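The lines below spell out each chain.
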Amino acid sequence: MSGSLPASASATCPGLPDTSGTDGRKAAPDTLKRDVALKMAIVSRLMRKHFDEAIAELGVTRSQWTVIAVVSSRPGATQRVIAEALEISEVSAGRLVDRLIAEGMVERKRKHDDRRAHAIYLTPKGQELTGTLSDVATLSEEATFAGLSDEQLRQINATLEAISANLGNIQ
């Protein structure tokens, strides 16, 4: 990756100036940083929107599939753990879990080491949905990253890791 986005990038981020330097001009560093930050936000929103539209026919909301994803990756998670992972309140997490229990996607079981807490697990129906969500995610990722080489993806990944580390260090 040459350090710039394709010339078509500004067309995919309407309203943003093309400061990537693809038009032959060199962008001012502050303008370039702002442009990258805005494009990252737009790309993130477009990825969520595309995935949400792809799973709409499954009758699962973003809030629900994010809880399912957390429980799938952390079987036995408490509502507190789910809330922290999703950056929502425990009450909100509890409501989402209640809804998923009513739909037969997850179940609560008492924790053996803490009688006040409950562990959340996927039911067979929830596990089946997780498989379907994974298939949809794979198709979405293929469309999102079409035309990018493995080396480009490694560079993007490394860049995003560095940005994440910088954000983690902000006091």
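Predicted model only: the values in this text are computed from it and were never measured. Every chain is numbered on its own, with residues counted from 1 as its sequence reads. Local features are withheld for residues below a pLDDT of 70 in this predicted model, meaning they are given only at 70 or higher, and side-chain atom pairs are given and counted only at 80 or more; totals for whole chains, interfaces and linings count all residues. To obtain the side-chain values, all non-hydrogen atoms of the structure were used and water was disregarded.

Regarding the overall build of the chain
Consideration 1: To qualify as a helix, a DSSP run of H or I must reach at least 4 residues; to qualify as a strand, a run of E must reach at least 2; elements of each kind are numbered from the N terminus. Check the secondary structure of the chain and you find seven helices and two strands.
Consideration 2: N-terminal to C-terminal, the α/β element order of the chain is α-α-α-α-α-β-β-α-α.
Consideration 3: Exposure classes here rest on a 1.4 Å probe applied to the protein chains alone. A residue is buried below 20% of its type maximum, exposed above 50%, and partly exposed in between. Across the 171 residues of the chain, 25% fall into the buried class.
Consideration 4: What makes two residues a contact is simply this: any of their non-hydrogen atoms within 4.5 Å. For the chain, long-range pairs separated by at least 24 residues make up 42% of all intrachain contacts whose partners lie at least 6 apart in sequence.
Consideration 5: Residue-level accessible areas treat just the shown protein chains as cover; the underlying method is Shrake-Rupley with a 1.4 Å probe. As displayed, the chain has an accessible area near 11500 Å², and 54% of this comes from carbon and sulfur atoms.

A closer look at the packing of aromatic side chains
Consideration 1: Pairing of aromatic rings covers Phe, Tyr and Trp, the last counted by its six-membered ring, and requires centre-to-centre distances within 6.5 Å; plane angles under 30 degrees mean stacked, over 60 mean edge-to-face, and any other angle means tilted. Under the criterion given, the structure shown has one aromatic pair.
Consideration 2: Judged by centre distance (4.7 Å) and plane angle (70°), the ring pair of Phe51 and Trp65 falls under edge-to-face. Remark: Trp65 occurs in helix α3 (residues 62-73) and Phe51 occurs in helix α2 (residues 29-55); sequence separation between them is 14 residues.
Consideration 3: For Phe51, a relative accessible area of 10% translates into the label buried.
Consideration 4: Remark: a charge is flagged as sitting over a ring if the NZ atom of Lys or the CZ atom of Arg is within 6 Å of the ring centre and within 35 degrees of the ring normal. Lying across the ring of Tyr121, Lys109 places its NZ or CZ 5.0 Å from the centre.

Quick notes on unusual backbone geometry
Consideration 1: Of note in the backbone geometry, Glu87 takes a positive phi value of approximately 55° without being a glycine.
Consideration 2: Along the chain, Glu87 falls in the loop between α4 (79-86) and α5 (90-102).

A short note on the confidence of the model for the chain
Consideration 1: Summing up the model confidence of the chain, the mean pLDDT is 86 and the portion of residues at 70 or higher is 84%.
Consideration 2: Highest mean pLDDT in the chain belongs to helix α7 (residues 150-168) (95); lowest belongs to helix α1 (residues 9-12) (48).
Consideration 3: In this model, residues 1-11 is a region of pLDDT below 50 whose contacts with residues beyond four sequence positions or in other chains number 15 contacts. The pLDDT score gives, residue by residue, the confidence of the prediction method on a 0 to 100 scale.

Notes on the environment of Leu148
Consideration 1: Note on placement: Leu148 falls in the loop between α6 (124-144) and α7.
Consideration 2: Accessibility expressed as a relative area gives 32% for Leu148, which makes it partly exposed.
Consideration 3: If sequence neighbours within four positions are ignored, Leu148 has contacts with Leu153 and Ile156.

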